[in-house]
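# Structural overview for review
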Amino acid sequence: MKYILVTGGVISGIGKGIIASSIGTILKSCGLRVTAIKIDPYINIDAGTFSPYEHGEVFVLNDGGEVDLDLGNYERFLDINLYKDNNITTGKIYQHVINKERHGDYLGKTVQENMLKYRRKSLLFLFCFCFLPLTYLSFTFQLGGTIGDIEGMPFVEAFRQFQFKAKRENFCNIHVSLVPQPNATGEQKTKPTQNSVRALRGLGLSPDLIVCRSAKPIEMAVKEKISMFCHVEPEQVIFIHDVSSTYRVPILLEEQGIIKYFKQRLNLPIDDQPSDLLMKWKKMACRYERLLKVCSIALVGKYTKLSDCYASVFKALEHSALAINYKLDLMYIDSTELERSTEAENSVKYHQAWHKLCKADGILVPGGFGIRGTEGKLQAISWARSKKKPFLGVCLGMQLAVVEFARNCLNWKDANSTEFDPNTTNPVVIDMPEHNPGDMGGTMRLGKRRTVFKTENSVLRKLYGDEMFVEERHRHRYEVNPELTHCFEEKGLKFVGHDTEGNRMEIIELENHPYFVGVQFHPEFSSRPMKPSPPYLGLLLAATGTLSAYLQRGCKLSP
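Residues numbered from 1 in each chain as written. Predicted model: local features only at pLDDT ≥ 70, side-chain atom pairs only at ≥ 80, totals over all residues. Heavy atoms only, no water.

This next bit is on the sheet that holds strand β16 (residues 445-453). Here we have 9 strands laid out as an open sheet, ordered β11-β10-β12-β13-β21-β20-β19-β16-β17, and mixed in their pairing. Strand pairing shows two members of the sheet lacking a second neighbour, β11 (327-334) and β17 (469-476), which therefore form its edges. Neighbouring strand axes in the sheet, compared pairwise and without regard to direction, differ in orientation by 25° on average. Relative to strand β21 (residues 516-519), strand β20 (residues 505-510) is paired through 3 bridges, and the arrangement is antiparallel. Residue Ile508 lies in a different strand from β21, and its bridge partner there is Gly518. Helix α15 (residues 374-386) contacts β10 (294-301), β12 (362-365), β13 (391-394), β20 and β21 of the sheet and is inclined by roughly 145° relative to β12. (Pairing = 2+ DSSP bridges. Helix = DSSP H or I, 4+ residues; strand = E, 2+ residues; numbered from the N terminus. Axes fitted to C-alpha atoms, helices over the stretch in contact; angles between N-to-C directions. Contact = heavy atoms within 4.5 Å.)

Turning our attention to the sheet that holds strand β14 (residues 416-417). One open sheet holds the 3 strands; their spatial order is β14-β15-β18, and the pairing between them is mixed. Taken across any chain shown, the strands that pair with only one partner, and hence form the sheet edges, are β14 and β18 (478-480). As paired elements, β14 and strand β15 (residues 427-431) share 2 bridges and run parallel to each other. Residue pairing in the sheet places Ser417 in a bridge with Val429 of β15. Strands β14, β15 and β18 of the sheet are contacted by helix α16 (residues 396-408), whose axis makes an angle of about 150° with β15.

Applying the stated criterion across every chain, the model contains 27 salt bridges. Among the ionic pairs, Glu75 bridges to Arg473, the shortest N-O distance being 2.9 Å. Taken as a pair, Glu75 in helix α3 (residues 70-78) and Arg473 in strand β17 lie far apart in primary sequence, 398 residues in all. Here Glu75 falls in the buried class, since its relative accessible area comes to 0%. Taking relative accessible area as the criterion, Arg473 reaches 3% and is therefore assigned buried. Between Glu187 and Lys189 there is a salt bridge; the shortest N-O distance is 3.2 Å. Accessibility expressed as a relative area gives 31% for Lys189, which makes it partly exposed. (Salt bridge = Lys/Arg side-chain N within 4 Å of Asp/Glu carboxyl O. Buried < 20%, exposed > 50% of the residue type's maximum accessible area, 1.4 Å probe, protein only.)

Along the chain, Lys2 turns up in strand β1 (residues 2-8). One buried charged residue, Lys2, forms no salt bridge at all, with the nearest opposite charge on Glu169 at 5.9 Å. Among the polar contacts made by the side chain of Lys2, one reaches the main-chain carbonyl oxygen of Glu169 at a distance of 3.2 Å. At a separation of 2.8 Å, a polar atom in the side chain of Lys2 contacts the side chain of Asn170. (Lys, Arg positive; Asp, Glu negative; His and termini not counted. Polar contact = N/O pair within 3.5 Å; in protein donor to acceptor, adjacent residues only side chain to side chain.)

Taken together, the buried positions of helix α8 (residues 220-229) are occupied by Val222, Lys223, Ile226 and Ser227. Looking straight down α8, one finds that the buried residues subtend no more than 140° of arc, so they occupy a single side. Facing away from the buried side of α8, by more than 90 degrees, are the exposed residues Ala221 and Met228. Buried positions along α8 lie against α7 (191-202), β8 (209-214) and β9 (237-241). Of the residues one or two after α8, His231 is the one with positive phi, at around 60°. (Arc of directions from axis to C-beta.)

Further remarks concern a nonpolar patch on the surface. A surface patch of nonpolar side chains, about 290 Å² in accessible area, is lined by Ile43, Tyr94 and Ile98. Turning to its location among the elements, Tyr94 is positioned in helix α4 (residues 90-103). (Patch = residues over 30% accessible without salt bridge, like charges linked within 9 Å, V, L, I, M, F, W, Y side chains within 5 Å. Areas by Shrake-Rupley, 256 points an atom, 1.4 Å probe, with all protein chains shown as cover.)

Let us look at the nonpolar core. Ile4, Ile23, Ile174 and Phe262 are the most contacted members of the largest nonpolar core, which has 50 residues in total. Not counting the four nearest positions on each side in its chain, Ile23 is found in contact with Ile4, Ile174, Leu253, Ile258 and Phe262. Core analysis: the next-biggest nonpolar cluster, separate from the first, contains 42 residues, Ala384, Phe391, Ala401 and Leu493 among them. (Core = buried A, V, L, I, M, F, W, Y, C linked by side-chain atoms within 4.5 Å.)

A separate point is the packing of helix α1 (residues 16-29) against helix α10 (residues 258-265). When two helices pack together, their arrangement is captured by the angle between the axes and the distance separating the axes. Contact geometry for α1 and α10: axes closest at 11 Å, N-to-C directions at 75°. The angle between α1 and α10 places the two elements in the roughly perpendicular class. Two secondary-structure elements touch here, α1 through Ile23, Ile26 and Leu27 and α10 through Ile258, Ile259 and Phe262. Here the residues of the contact of α1 with α10 are counted per class, giving 6 nonpolar, no polar and no charged. (Parallel < 35°, antiparallel > 145°, perpendicular 65-115°, else oblique. Nonpolar A, V, L, I, M, F, W, Y, C, P; charged D, E, K, R; others polar.)

One way to put it is that α1 packs onto helix α11 (residues 276-289) with a least axis distance of 7 Å and a crossing angle of 135°. Classed by the angle they form, the pair α1 and α11 counts as oblique. Residue-level contacts link Thr25, Ile26, Lys28 and Ser29 of α1 to Leu277, Leu278 and Trp281 of α11. Taken together, the residues that form the contact of α1 with α11 break down as 4 nonpolar, 2 polar and 1 charged.

In this structure, Asp105 sits in the loop between α4 and α5 (111-125). Judged by its relative accessible area of 36%, Asp105 falls in the partly exposed class. The spatial distance from the C-alpha of Asp105 to the C-alpha of Phe77 is 41 Å, given a sequence separation of 28 residues. A distance of 2.8 Å separates a polar atom in the side chain of Asp105 from a polar atom in the side chain of His103.

From the geometry alone we can't say anything about function, so treat these as descriptive.
This is the structure we're talking about:
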């Protein structure tokens, strides 16, 4: 097996996840089996309880793991499904070691030593059971945070010891650093990278490759300076400047000879030339940069100040737009700004939000928790339904579509979810009956579940290739009240998908509407650059006026 460690310096959020994903893509294109592991030094057990403003979205895996959004990048780039054990946190290790200590497994020995041993074993053996025996299996590790962070020190020490246990041709360290360019001088500065590499070496790790992030392409003189003062060869310094699309990153790495370097450094029996997979990425990146037609989608949510809060939603929309040769114009709208209370407090914000909503080609209401902003989301859904604007509701978005229909079409004026009003006389959305708190998510319904289509006439079923069922990832505590569904169906809101027992409503579609779809699951988590998610693809097709033609062609894209 080959192990590649990706560390970062100078600042967090420098792009280690994209670099690690791109390297994995390149290795996979060379015919290797690749997996990725994210190490988060925080003491939380997992990302499930984070506010989206802390670390961005919570990405949900097939096995129900709630993990860092970087694992979403790994899955999308590598086109693989990961597991909750692919995310190591300090909290997980503390929990494991303390449970063993309380059980008496250490027999009086020093727990600190056993913690370090467990960290090393985590890095060495945690995922071997997931794969068939292979000659070459590549593990890409990403260590969160920056070198020098006190909470990450034990992991750095574990890797320092691990590199001596592994042969040199089996372990490689890639250090991602920043080359800033102050506006005052316009000169690209190498000192932050020099200091970061010095700190890394001081902790016992030496970088084999230094990946320099910058706003603009880096000059050759800067490369030579970094090579000289960081004690590496010029070919070991890689430049990745800001690009229009992350699809371009693997191409930039390949163009700078990274395949040839890995072949020599890790003694890999691979071809120096780019494979068909990498050529597909290159064509996709070029096509993305040449797009002319634009489709605008209004995302109505409550975490719109940070785009990472809806990272997978954005990517699913982008994948779909690219598939139909459109450039995505995603407009983030804070749902609270659509509410009447905002009109009284700040009429400018209110009218600006409504202006964006009205000019959008399609409307998306994603998942979320809590009552804040729900009335604004209901207003957006009502607009989409009454004005026949293409609409997709995901998780809470679907539940609110049911609430809006009950209020305005069934005339149940106090219809609501028990999440927001436990005493409503028309509880159209209720909490799920199971209340058995588990290790992750408490009462949450998490992970991949099967949804069965009730009818052959479902638009979404056709988009899924006329499959009888689909398997998508879930993350919710509430569900549509199954005892009231007949009232909705009589008025044209059809529940076209349910769980395998037929009790939980999973998909809604509105009759006589271009595209009004709601799904209880999160299809964005399974979207891939070359395999867009069907519900999101349907939204983009409807928003561009091409859905009917697509269905008539048997769900095949026009050349």
